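Breakdown of the fold
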Amino acid sequence: MTALDRITPSRENCVYTSCYCEENVWKLCEFVKAERTAPLDQLFAVFISNDKRMIPLWKQKSGHGDQPVIWDYHVILLQVRPQSDSLVYDLDSELSFPCSLRLYGAAAFRSDRHIRPEYHRKLRVIPADSFLLNFASDRSHMRNPDGTWKMPPPPYPPIQTAESPMNLDDFISMNPADGWGTVHSLDQFLHTYTGNPSTASSSPPSP
């Protein structure tokens with residue numbers, strides 16, 4: 001991808017804070033809206049979680065070898081382009097930035113068919129304009145009981161709205177009655193945005 005095609009800064013120039021993936025994606029959406037590098041209606045924030053809040057993802061920077069990282073949730077940016085492959089922007093991935101959704105699906109999601117049901121992924125897909133307008137986090141989920149930070153917070157002020165200082169759980173929840181956007185199973189998500197359900201070239205080890 002050339003600089004002319006890029007809708008975000010290069011990976012090393014993006015606003016990024018480790019373990020604050022929801023805010024990293026919010027900042028990507030904010031950049032695209034401000035710089036008008038792509039139609040905002042092509043972009044979606046995608047929250048990945050499940051009822052147990054245990055989801056495996058492969059090809060994460062914090063992983064080891066071919067073992068998945070088990071997150072409570074993760075957030076990626078999806079760009080749905082007309083007459084072209086959808087793209088994933090994941091600043092925590094070892095894969096390219098951006099990466100085609102087909103490759104991300106095969107390498108990072110793999111398949112729910114080979115893992116136990118409690119690890120099956122669900123995905124909440126929220127239009128970028130709705131995400132920018134409604135998301136709020138006071139970062140309280142990243143504080144220890146004594147008030148210290150589990151991981152250092154971003155340097156900019158918390159993202160808040162007039163209605164709420166904190167609604168992160170409404171985005172992580174995979175109850176369709178909660179929050180914003182549409183909730184999909186992994187197969188539904190990949191079928192919707194690539195035309196193919198999840199496939200894996202080989203059976204990965206079960207978490």
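As the structure is a prediction and not an experimental result, all values here were calculated from the model.

Notes on the overall build of the protein
The helix and strand tally for the protein stands at five helices and eight strands. Secondary structure elements in the protein, listed N-terminal to C-terminal, are α-β-β-β-β-β-β-α-β-α-α-β-α. For 207 residues, the compact-globule estimate of 2.2 N^0.38 gives 17 Å, and the C-alpha radius of gyration of the protein, at 16 Å, lies within 12% of that figure. By its C-alpha atoms, the protein is 45 × 45 × 35 Å across when sized along the principal axes. The buried share of the protein, reckoned over its 207 residues, is 48%. Of all intrachain contacts in the protein linking residues separated by at least 6 positions in sequence, the fraction that spans at least 24 positions is 69%. Of the side chains in the protein, 20 bear a positive and 24 a negative charge, and the two mean positions are spaced by 3 Å.

Describing the pattern of salt bridges
Taken as a whole and assessed by the stated rule, the structure comprises eight salt bridges. With a closest N to O distance of 2.9 Å, glutamate 23 and arginine 139 form a salt bridge. A residue pair is termed long-range when its members are at least 10 positions apart, and glutamate 23 in helix H1 (residues 21-35) and arginine 139 in the loop between helix H3 (128-134) and helix H4 (168-172) qualify at 116 residues. Overall, glutamate 23 belongs to the buried group, its relative accessible area being 0%.

With respect to the sheet that holds strand E6 (residues 99-100)
Two orientations exist for strands paired in a sheet by backbone hydrogen bonds: parallel and antiparallel. On the basis of which strands lie adjacent, the open sheet formed by six strands has the order E6-E5-E4-E1-E7-E8 and antiparallel pairing. Each edge of the open sheet carries a strand with a single partner, namely E6 and strand E8 (182-185). Where strand E1 (residues 43-49) meets strand E7 (residues 122-127), six bridges bridge the pair, whose relative direction is antiparallel. What sits directly across from phenylalanine 44, in E7, is proline 127.

Comments concerning the pairing of E7
Sheet topology note: the E7/E8 ladder contains four bridges and is antiparallel. Paired with arginine 124 across the strands is valine 183, a residue of E8.

So, the packing of aromatic side chains
Scanning all chains against the criterion turns up eleven aromatic pairs. Between the aromatic rings of tyrosine 104 and phenylalanine 109, the centroid separation amounts to 5.2 Å while the plane-to-plane angle is 80°, which identifies the pairing as edge-to-face. Across the pair, phenylalanine 109 and tyrosine 104 agree in class, each one buried. Among the aromatic side chains, those forming a connected cluster through ring pairs are Phe44, Tyr104, Phe109, Phe189 and Tyr193. A cation sits over an aromatic face here: lysine 27 above tyrosine 156, 4.3 Å from the ring centre.

Topic: the confidence of the model for the protein
Confidence along the protein averages 93 in pLDDT terms, with 93% of residues attaining 70 or more. With pLDDT under 50 throughout, residues 200-207 is counted as low confidence; its partners more than four residues away or in other chains account for 18 contacts.

Concerning helix H2 (residues 101-109)
All buried positions along H2 are accounted for by Leu101, Tyr104, Gly105, Ala107, Ala108 and Phe109. With its phi angle positive at about 55°, arginine 110 sits one or two positions after the end of H2.

Conventions adopted
Residues numbered from 1 in each chain as written. Predicted model: local features only at pLDDT ≥ 70, side-chain atom pairs only at ≥ 80, totals over all residues. Heavy atoms only, no water. Helix = DSSP H or I, 4+ residues; strand = E, 2+ residues; numbered from the N terminus. Rg over C-alpha atoms; globule rule 2.2 N^0.38 Å. Buried < 20%, exposed > 50% of the residue type's maximum accessible area, 1.4 Å probe, protein only. Contact = heavy atoms within 4.5 Å. Lys, Arg positive; Asp, Glu negative; His and termini not counted. Charge placed at Lys NZ, Arg CZ, Asp CG, Glu CD. Salt bridge = Lys/Arg side-chain N within 4 Å of Asp/Glu carboxyl O. Pairing = 2+ DSSP bridges. Phe/Tyr/Trp six-rings, centres within 6.5 Å; stacked < 30°, edge-to-face > 60°. Lys NZ or Arg CZ within 6 Å of the ring centre and 35° of its normal. pLDDT = per-residue confidence, 0-100.

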